[in-house]
Amino acid sequence: MADASFSKPPQSVAIVTGGESGIGRAAALKIAIGGTPVVITYFADRGAADAVLAEIEHAGGHGIAVQTDVGDEQAVEALFAHAEAEFGIVDRLVNSAGLNMSGVMLRDMELAQFDRLMRADLYGPFLTCRRMVRALEDAGRGGRIVNISSIHEKAPRSGGVDYDAAKGGLAQLTATLALELAPKQIAVNGVAPGMILTPMNQSALDHPEELKRKEAAIPWGRAGTPEEVAELIAFLLSPAADYITGTTVTIDGALSLTVAQGA
Ligand SMILES: NC(=O)c1ccc[n+]([C@@H]2O[C@H](COP(=O)([O-])OP(=O)(O)OC[C@H]3O[C@@H](n4cnc5c(N)ncnc54)[C@H](O)[C@@H]3O)[C@@H](O)[C@H]2O)c1
């Protein structure tokens, strides 16, 4: 009779929020192609989510899409319940869903705008991390979380009080959870991208002159791709990254090092 202690470890299951677009899409594809079933969330664009699922299937992977507002507690509960019913306990989480800065200066910013951004970029990761950790702790299992922050978690921009405050908060959420969850073997890391060519930079994608001007400010000489960020995310989720927790990895072609030049 087979000895239960030699039974295979449970199959990993991943949730990627914002998996219908940009960095989330690239990460979901990479994870699914690596053999882990993936649940992507989409906000409004079911067609985009279906296209990602088709790519996953074409590559031999497994995935489903669940419409989710990550800032809504009940929606996050429903997301995890759906994922667990389909694939089992979720032990890999990538928080990529998010909104960009509004560009509105403080005196003109409505509370509703600040709240909208906080809900997507900060409450979302709080809610998804909490739900995943509850299930993992109940099952006595470890896991991995990657929170997609931004170089603006540290580097402020005028008109970015909504985004920069949310990402600054996300950096501390990541560090605090890493400390709290290390004894449970749940690793929590951040990824802080610079300029990445996704719909979040649609204006630069649509206007070659704007793209050229922005890329000229990046020491590496170009913007990054979502696939490059996905490689980093996949590494942080891989067995090779065991023992890495509580850090944020910057991926920006040295853009964030250019502050205070020439003074
Ligand atoms: N693209 C960049 O240059 C860049 C740079 C730094 C950080 N980031 C971060 O990377 C992450 C992914 O961004 P991206 O570049 O892939 O942009 P993206 O716009 O392509 O993807 C973000 C996705 O999040 C979804 N979303 C927004 N609010 C949501 C909510 N409340 N609930 C669920 N989904 C929601 C959107 O629908 C969108 O599909 C974001 O957190 C962003 O802040 C991006």
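Worth saying up front: this structure is predicted, and the values here are computed from it rather than measured.

As for the environment of Leu179
Piece 1. Among the structural elements, Leu179 can be located in helix H5 (residues 161-181).
Piece 2. For Leu179, a relative accessible area of 71% puts it in the exposed group.

A closer look at the packing of helix H1 (residues 22-33) against helix H8 (residues 226-237)
Piece 1. As a packed pair, H1 and H8 sit with axes 8 Å apart at the nearest point and diverge in direction by 50°. In terms of axis orientation, H1 runs oblique to H8. Judged by the sense of rotation from one axis to the other, the crossing of H1 with H8 is right-handed. Taken together, the residues of H8 that come into contact with H1 (itself represented by Gly22, Ile23, Arg25, Ala26, Ala27, Lys30 and Ile31) are Pro226, Glu227, Val229, Ala230, Glu231, Ile233, Ala234 and Leu237.
Piece 2. Of the residues that constitute the contact of H1 with H8, the class distribution is 10 nonpolar, one polar and four charged.

Here's the deal with the pattern of salt bridges
Piece 1. Overall, the coordinates contain 14 salt bridges when judged by the stated rule.
Piece 2. Where Arg130 meets Glu73, a salt bridge forms, and the shortest distance between an N and an O atom there is 2.6 Å. Residue Arg130 is located in helix H4 (residues 111-139), and its partner Glu73 is located in helix H3 (residues 73-87); the two are separated by 57 residues in the primary sequence.
Piece 3. Residue classification places Arg130 among the partly exposed residues on the basis of a relative accessible area of 25%.
Piece 4. Residue Arg157 pairs with Asp164 through a salt bridge whose shortest N-O separation is 3.8 Å.
Piece 5. A single salt-bridge network, built from bridges that share partners, covers Glu77, Glu84 and Arg131.

Procedures and definitions
Residues numbered from 1 in each chain as written. Predicted model: local features only at pLDDT ≥ 70, side-chain atom pairs only at ≥ 80, totals over all residues. Heavy atoms only, no water. Helix = DSSP H or I, 4+ residues; strand = E, 2+ residues; numbered from the N terminus. Buried < 20%, exposed > 50% of the residue type's maximum accessible area, 1.4 Å probe, protein only. Axes fitted to C-alpha atoms, helices over the stretch in contact; angles between N-to-C directions. Parallel < 35°, antiparallel > 145°, perpendicular 65-115°, else oblique. Left-handed = near helix turned anticlockwise from the far one by under 90°. Contact = heavy atoms within 4.5 Å. Nonpolar A, V, L, I, M, F, W, Y, C, P; charged D, E, K, R; others polar. Salt bridge = Lys/Arg side-chain N within 4 Å of Asp/Glu carboxyl O.

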